[in-house]
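Here is how the chains run, residue by residue.
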Amino acid sequence: MNINLCLSLTLLFLTYSTFGWMISVRNLAYSTLTIAIVIVFLFAWLLTSPLSNTQQLILRWFRSDQVAFFSIIFFSFLFVVIISWLHLFSNALILLAAEALARLDLQTQGYKKWKAFGILALVSLGGLVFGLALRFFLIKFL
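Bear in mind the structure is a predicted one, so any value in this text is a computation, not a measurement.

The rules behind each value
Residues numbered from 1 in each chain as written. Predicted model: local features only at pLDDT ≥ 70, side-chain atom pairs only at ≥ 80, totals over all residues. Heavy atoms only, no water. Axes fitted to C-alpha atoms, helices over the stretch in contact; angles between N-to-C directions. Helix = DSSP H or I, 4+ residues; strand = E, 2+ residues; numbered from the N terminus. Left-handed = near helix turned anticlockwise from the far one by under 90°. Contact = heavy atoms within 4.5 Å. Nonpolar A, V, L, I, M, F, W, Y, C, P; charged D, E, K, R; others polar. Phe/Tyr/Trp six-rings, centres within 6.5 Å; stacked < 30°, edge-to-face > 60°. Buried < 20%, exposed > 50% of the residue type's maximum accessible area, 1.4 Å probe, protein only. Lys NZ or Arg CZ within 6 Å of the ring centre and 35° of its normal. 1 Å grid on protein atoms, 1.4 Å probe; cavity = no way out; pocket = protein on both sides within 12 Å on 5 of 7 lines; lining within 4 Å. Points joined across faces, edges and corners; volume = space filled by probe spheres on them.

**Q** I would appreciate a short explanation of the packing of helix α5 (residues 86-108) against helix α6 (residues 113-141) in the present structure.
**A** Two numbers describe a pair of packed helices, the interaxial angle and the distance between the axes. At a minimum axis separation of 10 Å, α5 and α6 run at an interaxial angle of 145°. Crossing handedness for the pair α5 and α6: right-handed. In this structure, α5 uses E99, A102, R103 and L106 to contact α6, whose residues at the interface are A116, I119, L120 and S124. Considered class by class, the residues forming the contact of α5 with α6 number five nonpolar, one polar and two charged.

**Q** Please explain the packing of aromatic side chains as it appears in this structure.
**A** The full count for this structure, using the stated rule, is eight aromatic pairs. Both rings, one in Y16 and one in F19, keep their centres 6.3 Å apart while their planes meet at 85°; by these two values the pair is edge-to-face. Of the two residues, Y16 and F19 are both situated in helix α1 (residues 3-25); the distance of three residues between them amounts to about one turn of the helix. Accessibility expressed as a relative area gives 0% for Y16, which makes it buried. Overall, the relative accessible area of 15% leaves F19 in the buried class. Judged by centre distance (5.4 Å) and plane angle (70°), the rings of F136 and F137 are edge-to-face. For F136, a relative accessible area of 48% translates into the label partly exposed. The side chain of R135 reaches across the aromatic face of W21, ending 5.5 Å from its centre.

**Q** Honestly, the layout of surface pockets in this entry has me stumped. Any pointers?
**A** Empty space among the atoms becomes visible once a probe the size of a water molecule is rolled across them. Considering only enclosed or pocket space, the largest pocket measures out at about 520 Å³ in volume. Sorting the residues of the lining of the largest pocket by element identifies α1, α2 (30-48) and α5 as the ones contributing at least two each. Of the residues belonging to the lining of the largest pocket, the class tally is 14 nonpolar, two polar and one charged.

Here you go:
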């Protein structure tokens, strides 16, 4: 295992630990924990899925003028929502950036798609659970 890969996986673990800590600080419901777990798997899947099919899908999507118009309206609305809730989206971008770095290091090491997905998901879930557990035990015992 390369030192760059170890560093990027450690960074991924620490970013998800911080995310888990932030979730536990706010005393959110179990539905938020479920959403966080879905985010872990969604980000890992997005970064390991092939992009060639996505390009064909986008080109087929914008062939119609009406579809292109409604897509522009939708993405404009989405941009306004992102700007309004920038504090939430900045956290998601930090998680995505750390996971993208780990994915690139896994790809340069020659890991295949499913193995990279498993490593990304396990490290991310481990960091999330570590952050949640650390906050829980510090509150309980201190």
